[in-house]
Amino acid sequence: MASDSSPPEVADVPRVTTQTVQEMKEAGVPIAMLTAYDYTSARLFDRAGIDVLLVGDSASNVMAGNETTLPMTLDHMIYHTQCVVRGIDRALVAVDLPFGSYQGDEKEGLQSAIRVMKEGGAHAVKLEGGAPVIGTVKRIVESGIPVMGHLGLTPQSIHDFGTYQVRARDDEEANQLREDAKALEEAGCFALVLEKIPTELATEVTESLSIPTIGIGAGGETDGQVLVSHDALGLSTDFNPRFVRRYAELEDRIGDAISSYVQDVRSRSFPSDDESY
Ligand code: KIV
């Protein structure tokens with residue numbers, strides 16, 4: 001992964017830790033993060049040099065076919081985490097605490113984080129929101145579990161927001177986001193995801209924090225970028241927000257491959273003698 005702009009001492013680490021991503025921010029090396037939910041993908045992404053894998057609760061949408069992330073349970077997240085962790089040698093694995101597993105109180109949040117670490121084998125947890133979850137973040141961090149924050153368009157609050165529009169366009173919400181970002185840093189978060197907010201605000205927050213920010217639909221000045229891997233690979237092409245860049249068109253490629261297989265089975269050209277015993 002090292003290039004002229006990637007100091008080898010940061011980019012070539014055998015294992016990415018929370019300290020590594022902090023050093024990457026300090027060295028100005030952008031952090032590459034993608035979602036992963038299964039062993040095979042995690043293994044591919046890890047070998048390709050991804051820094052952070054997020055076992056996102058977007059598994060609810062892209063793996064389970066739900067409309068929102070709300071149906072994910074802690075057991076679902078732990079299962080996906082176990083699969084991802086088996087596939088990696090280098091990447092840091094952060095895992096979403098699902099809706100309903102930390103909003104109750106600090107103790108519930110801590111117990112959920114402990115399960116994800118102990119049963120899933122995660123390296124860090126991520127949770128959504130600002131002021132209301134600060135106490136929970138502190139409690140989890142104090143127990144030795146690294147926490148990634150998530151502000152802006154936080155999908156677990158979709159029924160409160162009502163739409164997937166860009167957040168924090170008005171002064172009141174932007175000021176709240178600035179305060180929440182500071183509070184999450186002070187509570188001990190090691191990184192912060194900023195989702196679907198204006199570039200100017202994301203840039204300002206990134207400059208004001210000493211911890212790295214990871215953007216999704218937050219412009220090019222955050223310390224890192226994250227995409228849902230199914231979007232980046234063109235596996236779910238009915239979702240086309242402008243912040244997604246497609247690096248492959250796997251929906252078409254897989255569709256073509258499967259129809260070739262069906263044709264070969266129908267025509268009895270598969271299996272051949274060489275493929276038989
Ligand atoms: O669940 C998820 O995939 C996420 C990313 C969009 C940041 O939280």
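In the block above lies the structure referred to throughout.
Residues numbered from 1 in each chain as written. Predicted model: local features only at pLDDT ≥ 70, side-chain atom pairs only at ≥ 80, totals over all residues. Heavy atoms only, no water.

Undergrad: Explain the side chain of Thr 81 to me, please; I cannot follow it from the model alone.
TA: Considering the arrangement of structural elements, one finds Thr 81 in helix α5 (residues 74-86). Other than its neighbours up to four places away in sequence, Thr 81 contacts Val 55, Val 95, Gly 120 and Ala 122. (Helix = DSSP H or I, 4+ residues; strand = E, 2+ residues; numbered from the N terminus. Contact = heavy atoms within 4.5 Å.)

Undergrad: Mind showing me how you'd approach the side chain of Ser 229 here?
TA: Its location among the elements puts Ser 229 in helix α11 (residues 229-232). According to the relative accessible area criterion, Ser 229 is buried, its value standing at 3%. Setting aside anything within four residues of it in sequence, one finds Ser 229 in contact with Leu 34, Thr 35, Ala 36, Tyr 37 and Phe 45. (Buried < 20%, exposed > 50% of the residue type's maximum accessible area, 1.4 Å probe, protein only.)

Undergrad: Hey, could you run me through the site of the ligand in this one?
TA: Around the ligand, the structure places Thr 35, Leu 54, Gly 56, Asp 57, Ser 58, Asp 96, Lys 126, His 150, Glu 195, Ile 216 and Val 228. In this structure, an oxygen atom belonging to the ligand sits 3.1 Å away from a side-chain N or O atom of Asp 57. The contact in question runs from an oxygen atom of the ligand to an N or O atom on the side chain of Ser 58, over 2.5 Å. Starting from 260 Å² of accessible surface for the ligand in isolation, the protein chains cover 96%. Most atoms of the ligand, that is more than half of them, are within 2 Å of grid points of the second largest pocket. (Near = heavy atom within 4 Å. Polar contact = N/O pair within 3.5 Å; in protein donor to acceptor, adjacent residues only side chain to side chain. Areas by Shrake-Rupley, 256 points an atom, 1.4 Å probe, with all protein chains shown as cover. 1 Å grid on protein atoms, 1.4 Å probe; cavity = no way out; pocket = protein on both sides within 12 Å on 5 of 7 lines; lining within 4 Å. Sits in = over half its atoms within 2 Å of the grid points.)

Undergrad: I would appreciate a short explanation of the sheet that holds strand β5 (residues 147-152) in the present structure.
TA: Spatial strand order, β1-β2-β3-β4-β5-β6-β7-β8: 8 strands in a closed barrel with parallel pairing. Strand-to-strand, the axes of this sheet are offset by a mean angle of 25 degrees, without reference to chain direction. Direction of pairing for strand β3 (residues 92-96) relative to strand β4 (residues 124-126): parallel, over a ladder of 3 bridges. In the strand pairing of β4, Val 95 is matched with Val 125. (Pairing = 2+ DSSP bridges. Axes fitted to C-alpha atoms, helices over the stretch in contact; angles between N-to-C directions.)

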